[in-house]
Amino acid sequence: MSRSSSTVVRGACPHDCPDSCATLTEVQDGRAVRFSADPSHPITGGWLCAKVRPYLERVYADDRLLYPHRRVGAKGQGEWQRISWDEAVAEIGERWTEIIAEDGAQAILPYSYSGTLGLVQNAVSASRFWNRLGASGLVRSICDAAATAATIATIGGKLGPDPRDVKHTRTLLIWGHNPASTSPHFMPILREAQRNGTYVVVIDPRRTLSAKSADLFLHPKPATDGALALGLMHVIFAEELHDEAWLEKHSIGWHRLRNRAGAFPPDRVAKITGIPADTIIELARRFATNTPSMVKFSDGIQRHQNGGQTVRALLCLPALVGQYGVRGGGTFYSQSGHIVWNSEAVGHASECPPVPRNVNMNRLGAALIDEISDPPIRSLFVFAANPVTSTPNSARIVEGLLREDLFTVVHEQFMTDTARYADIVLPATTQLEQVDLLKPYGHRHLQYNEAAIAPLGEAISNWDLMQLLATEMGFDEPWLHQTPESVIEEVLAATRKTNDLLEGVTVDRLKLEGTVSYSRKGGDDVPFADGSFPTPSGKVELWCEAMIDHGVDPLPDYVVPSEFTASNGADSLVLLTGAAHHYVSSSMANQPSLRAKEGEPEILMNPADALRRDLQSGDLVKTENDRGWCILRLKTTDEVQPGVAVAPKGHWAQHSKGGRSINWLTSDALADLGDQATFHSNLIRVSAVDNGVDTTIFSNSDQSMNAVAD
Ligand SMILES: Nc1nc2c(c(=O)[nH]1)N[C@H]1C(S)=C(S)[C@@H](COP(=O)(O)OP(=O)(O)OC[C@H]3O[C@@H](n4cnc5c(=O)[nH]c(N)nc54)[C@H](O)[C@@H]3O)O[C@H]1N2
Ligand SMILES: Nc1nc2c(c(=O)[nH]1)N[C@H]1C(S)=C(S)[C@@H](COP(=O)(O)OP(=O)(O)OC[C@H]3O[C@@H](n4cnc5c(=O)[nH]c(N)nc54)[C@H](O)[C@@H]3O)O[C@H]1N2
Ligand code: SF4
Ligand SMILES: [Mo]
């Protein structure tokens, strides 16, 4: 028997994860037969996480969307008719031409986020065509906006250290971040550091997987971290452990910050946070003296109404003890500020009409119903996002999507909770079927993704779709009709002009090497090693004047989220909805093997809280607040303290009993900075499921999307 030869194609995991792993796809006779990690990549280290290891199951899934479809039944009912791409694009063009003639292109809203993080399939696809069309802009603030705004204001940019420098850290606070699930390739680095004596503290209202191997785990009450950070600063100042010379030279406002911290003595902070005063004092001493010391945080902590101020407080802490610019010290948030793609090359905005208005993605439901008018949103175009599952206050989103006069198009790999409300569904390629460039937010290696196989069925990539739409709308600008390679080359070249980290980085080199490191050599690779910060003052802005424009105190402070102070009754719990271990947001949450591992949608609650409600572990419970309800399986555990409940994000409504997911309960109120979503500032009530609740699973129409061919 002759064996056909196989080829191995280098790629990049496209998902919203700091690791952006380097992948290898083995292809035989046009079919991907093996998908694995690139063993030569210094961070990927030869293994992929549990979520993406079965990627071929996703690519070749029976329920992949492979052809365009038009809705034939009522909205959301799941009845479809297969149509050709020509028909689909012509219908979109016709509807948009009519809408534009009557109300202008601002009545069209593109909605995309993090299905893929690639330069071409995300950033460029989400900007160029839409800028040219003159559509409404999207405020992309669902994930990290408060922390981003706080970081830029305080230290000047998202300029994290090389993750491997954590090996030099002596005291590491992992604060509101769960890397064991959300950044798995950081864990081997952390283990090595711990073996070398790094003292690891995890601070989280849930005893997460990451907390289990920490030297110290602190269980603060939700959204009290600002007070905790100010309490640590209080002790450092009071015991004169601060580095006055450093503060004088490199910061603004340390005297004022010392006054503010004065209002947060350990006893008061203990009452606010639930963490004993002695523990606070000891931790402050250790952070100040067992150096290098570092605060590593991510985005979970800032999804509260006070998230911006909380992150400002975290960023100030290492400055007090002169830890910025020290290898293994400072803060470790994100790497994304080292290379910021040239925005003109990405979006060509200067050649387009000005963006007519901006719509906040976190308020999608409100925007579709009544918040945006004159003209209202008449067409919604969703790609690389699943807002019904992943965006707060989902009941309102569904209400908006059911509007008869809304023309909704969804470009997807699967029939998601959002796609089921579309008028037209278009099939999207997976990462194996498209070209892209990934710039990780967790380390400093660019990763090129070659297409390994031809698109399945009639699926097309985001960028190819934008080109089709551009042609349909009569836009012939060459920058709307480039190959992905030439888009990447253009953006690299424009960015390289002002950023020497990209010296010598070309598409040819990326294709040849797959992985290209951009870390500076020598001492220069430690952020702020020269003592200067890219803030307006060139210093760490402990007191930050720019905050005044946002209506926020220029000093970090602790402000209680308004939802927690409203009179919601004594029987409320604070609901936290962080990452599920086996999904990335709602991506992968339809893959059978991963659903089996993750288990049923559940809610974690302290046994004392369950007892008070006469509930037992294993019960089906109804969780609710004024926004909506959702049915979950109760699990009692001391991972959470009384007063706190945890229900991970990601499970699809259509797989959930009662047809609703956790975002039916989450708030669409915005945080103090960056118009950030406030997924964790929620109060809920939990009770036994009564007989009046229909717990049957909302199911798609049985017809296969790909078999219907009329
Ligand atoms: N497995 C998996 N990996 C993922 C994702 C996923 O869904 N699943 N999502 C990806 C995305 S989109 C992102 S943005 C990142 C997010 O990465 P992370 O920020 O690490 O993940 P989260 O689980 O959202 O939040 C981290 C922790 O914040 C805690 N937290 C919530 N409120 C508070 C608080 O008030 N104080 C403190 N101290 N902690 C608090 C939560 O309990 C949670 O354990 O992960 C990415 N990676
Ligand atoms: N309750 C709660 N909700 C949350 C959060 C939370 O902490 N709690 N976290 C929030 C955060 S941090 C984030 S980043 C958001 C993420 O929210 P979204 O950006 O909406 O991400 P997903 O829900 O993963 O949906 C992405 C969709 O894109 C599709 N897709 C993947 N690749 C492609 C492609 O190449 N082309 C097209 N057209 N489609 C593609 C996938 O099939 C998937 O259905 O979720 C938020 N939702
Ligand atoms: S999700 Fe993260 S850890 Fe998993 S393969 Fe992708 S980049 Fe790597
Ligand atoms: Mo995110």
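Each chain carries its own residue numbering, running from 1 in the written order of its sequence. Here the convention is simple: chains get letters from A, ligands get numbers from 1, in the order in which they are written. The predicted nature of this model means local features are confined to residues of pLDDT at least 70 and side-chain atom pairs, given and counted, to a pLDDT of 80 or more, with totals for whole chains, interfaces and linings taken over all residues. The side-chain quantities take in all heavy atoms of the structure and omit both hydrogens and water.

## Quick notes on the overall build of the protein chain
So, point 1. When its secondary structure is counted, the protein chain shows 24 helices and 27 strands.
So, point 2. Its C-alpha atoms give the protein chain a radius of gyration of 25 Å, near enough to 27 Å, the size a compact globule of 710 residues would have.
So, point 3. Based on the C-alpha atoms only, the size of the protein chain along its principal axes is roughly 75 × 65 × 65 Å.
So, point 4. Throughout this description, buried means an accessible area under 20% of the type-specific maximum (1.4 Å probe, protein chains only), exposed means over 50%, and partly exposed covers the range between. Counting all 710 residues of the protein chain, 62% fall into the buried class.
So, point 5. Residue pairs at least 24 apart in sequence account for 76% of intrachain contacts in the protein chain once pairs closer than 6 positions are excluded.
So, point 6. Every accessible area reported is derived by Shrake-Rupley at a probe size of 1.4 Å, with residue values counting cover from the shown protein chains alone. Within the structure as shown, the protein chain displays about 25,500 Å² of accessible surface, and the carbon and sulfur contribution to it stands at 49%.
So, point 7. Considering the protein chain, the positive charge centre built from 65 side chains and the negative charge centre built from 85 side chains are found 5 Å apart. Elements are defined by DSSP. Helices are runs of H or I of four residues or more, strands are runs of E of two residues or more, and each kind is numbered from the N terminus. Values of the radius of gyration come from C-alpha atoms, whereas the globule rule sets the reference at 2.2 Å times the count of residues to the power 0.38. Contacts between residues were defined by any pair of non-hydrogen atoms, one from each residue, lying within 4.5 Å. Under this rule, positive means Lys or Arg and negative means Asp or Glu; His and the chain ends count for nothing. Think of each charge as sitting on NZ of Lys, CZ of Arg, CG of Asp or CD of Glu.

## Some thoughts on the side chain of Asp165
So, point 1. Assignment of secondary structure puts Asp165 in the loop between helix 5 (145–155) and strand 8 (171–175).
So, point 2. Look at Asp165 and you get buried, because its relative accessible area is 8%.
So, point 3. When near neighbours in sequence (up to four residues on either side) are disregarded, Asp165 contacts Arg327, Gly328 and Val526.

## Re helix 7 (residues 187–195)
So, point 1. Buried residues of helix 7: Met187, Ile189, Leu190, Ala193 and Gln194, and no others. Here the buried residues of helix 7 occupy an arc of 155 degrees about the axis, which is enough to place them on one side.
So, point 2. The inward-facing, buried residues of helix 7 contact strand 8, helix 6 (179–182) and strand 9 (199–203).
So, point 3. Note on helix 7: the residue one or two positions beyond its end, Gly197, has a positive phi of about 105 degrees. The arc under discussion is defined with respect to the helix axis, by the directions toward the C-beta atoms.

## Quick notes on the site of ligand 1
So, point 1. Residues are labelled near a given molecule or strand when at least one of their non-hydrogen atoms is within 4 Å of it. Around ligand 1 there are 34 residues in total, and Asp204, Ala223, Asp225, Tyr583 and Ser585 lie nearest to it.
So, point 2. Here a polar contact is recorded for every N or O atom pair within 3.5 Å, except that within protein the pair must consist of a potential hydrogen donor and a potential acceptor, and residues adjacent in sequence are included only if both atoms are side-chain atoms. Contact between ligand 1 and His304: an oxygen atom at 2.9 Å from a side-chain N or O atom of the residue.
So, point 3. Burial of ligand 1 by the protein chains amounts to 98% of its free accessible area of 910 Å².
So, point 4. Residues are grouped as follows: Ala, Val, Leu, Ile, Met, Phe, Trp, Tyr, Cys and Pro are nonpolar; Asp, Glu, Lys and Arg are charged; every other residue, Gly included, is polar. Here the residues of the shell around ligand 1 are counted per class, giving 13 nonpolar, 13 polar and eight charged.

## Considering the nonpolar core
So, point 1. Residues enter a nonpolar core if they are buried and are Ala, Val, Leu, Ile, Met, Phe, Trp, Tyr or Cys, with the set joined through side-chain atoms within 4.5 Å. If you look at the biggest cluster of nonpolar residues, it comprises 60 residues, and the most contacted ones within it are Leu173, Trp175, Met233, Leu257, Leu317 and Tyr324.
So, point 2. The element best represented in this core is helix 8 (residues 225–238), accounting for nine residues.
So, point 3. Core analysis: the second largest hydrophobic core is formed by 55 residues, Ile108, Ala470, Ile488 and Val491 among them.

## Focus: the environment of Arg82
So, point 1. Mapping Arg82 onto the fold places it in strand 5 (residues 80–82).
So, point 2. Sequence spacing of Arg82 and Val425 is 343 residues, and the spatial spacing of their C-alpha atoms is 9.5 Å.

## Considering the sheet that holds strand 23 (residues 602–605)
So, point 1. In this description, strands pair whenever DSSP reports at least two bridges between them. Spatially, 22-26-23-25-24-27 is the arrangement adopted by the six strands of the closed barrel, whose pairing is mixed. Strand-to-strand twist in this sheet, taken as the mean axis angle between neighbours without regard to direction, amounts to 45 degrees.
So, point 2. Relative to strand 27 (residues 683–688), strand 22 (residues 573–576) runs antiparallel, the two sharing two bridges. Residue pairing for strand 27: Val574 is matched across the bridge by Leu683. Between N-to-C directions, angles span 0 to 180 degrees; the directions come from axes that are lines fitted to C-alpha atoms, helices contributing only their stretch in contact.

## Points about the packing of helix 5 against helix 13 (residues 307–320)
So, point 1. The N-to-C vectors of helix 5 and helix 13 enclose an angle of 40 degrees; their axes lie 8 Å apart at closest approach. Relative to helix 13, helix 5 is oriented oblique. As helix 5 packs across helix 13, the resulting crossing turns out to be right-handed. Mapping the contact onto sequence places Ala146, Ala147, Ala150, Thr151, Thr154 and Ile155 in helix 5 and Gly307, Gly308, Val311, Arg312, Leu315 and Cys316 in helix 13.
So, point 2. Taken together, the residues of the contact of helix 5 with helix 13 sort by class into seven nonpolar, four polar and one charged. Convention used here: angles under 35 degrees read as roughly parallel, angles over 145 as roughly antiparallel, angles from 65 to 115 as roughly perpendicular, and any remaining angle as oblique. A clockwise turn of the near helix away from the far one marks a right-handed crossing, whereas an anticlockwise turn of less than a right angle marks a left-handed crossing.

## Structural notes on the environment of Asn393
So, point 1. Of note, Asn393 is situated in the loop between helix 16 (387–390) and helix 17 (394–401).
So, point 2. Distance from Asn393 to Leu665, taken between C-alpha atoms, is 6.1 Å for residues 272 residues apart in sequence.
So, point 3. Beyond its immediate stretch of four places on either side in the chain, Asn393 contacts Arg627, Asn663, Thr666 and Asp668.
So, point 4. Only 3.1 Å separates the side chain of Asn393 from the side chain of Asp668, close enough to count as a polar contact.

## Considering the site of ligand 3
So, point 1. The environment of ligand 3 is made up of Cys13, Cys17, Asp19, Ser20, Cys21, Leu48, Cys49, Lys51, Val52, Pro184 and His185.
So, point 2. Partitioning the shell around ligand 3 into residue classes produces seven nonpolar, two polar and two charged.

## A short note on the environment of Arg207
So, point 1. Tracing the sequence through the fold places Arg207 in the loop between strand 9 and strand 10 (216–218).
So, point 2. The class of Arg207 is partly exposed, set by a relative accessible area of 26%.
So, point 3. For Arg207 and Leu218, which are 11 residues apart along the polypeptide, the C-alpha to C-alpha distance reads 8.5 Å.
So, point 4. Discounting chain neighbours no more than four positions away, the residues touching Arg207 are Lys212, Phe217, His219, Asp638 and Glu639.
So, point 5. At 3.1 Å, the side chain of Arg207 forms a polar contact with the side chain of Asp638.

## Re the pairing of strand 8
Successive residues of a regular strand alternate their side chains across the two faces of the sheet.
So, point 1. Among the five residues that make up strand 8, five are buried, leaving the element largely enclosed by the rest of the structure.
So, point 2. Two elements, strand 8 and strand 9, share five bridges in a ladder whose sense is parallel. Each residue of the ladder has a partner; that of Leu173, found in strand 9, is Val201.
So, point 3. The pairing of strand 8 with strand 12 (residues 293–297) spans five bridges and is parallel. Paired with Thr171 across the bridge in strand 12 is Ser293.

## Examining the confidence of the model for the protein chain
So, point 1. Here the protein chain shows a mean pLDDT of 96. Residues at 70 or above account for 96%.
So, point 2. The low-confidence segment residues 699–710, where pLDDT is below 50, has 26 contacts with residues more than four positions distant or belonging to other chains. The quantity called pLDDT is the predictor's confidence in a given residue, expressed from 0 to 100.

## Re the sheet that holds strand 15 (residues 379–383)
So, point 1. Reading across the sheet, the six strands line up as 5-4-17-16-15-6 and stay open at both edges, with mixed pairing between neighbours. Across the chains shown, the open sheet's two edge strands, defined by having one partner strand only, are strand 5 and strand 6 (108–112). Averaged over all neighbouring strand pairs, the angle between strand axes comes to 20 degrees, with direction disregarded.
So, point 2. Note that strand 4 (residues 69–71) and strand 17 (residues 424–427) share two bridges and pair antiparallel. Residue His69 lies in a different strand from strand 17, and its bridge partner there is Val425.
So, point 3. Against the sheet, helix 18 (residues 462–472) engages strand 15, strand 16 (407–412) and strand 17, with an angle of about 150 degrees to strand 15.

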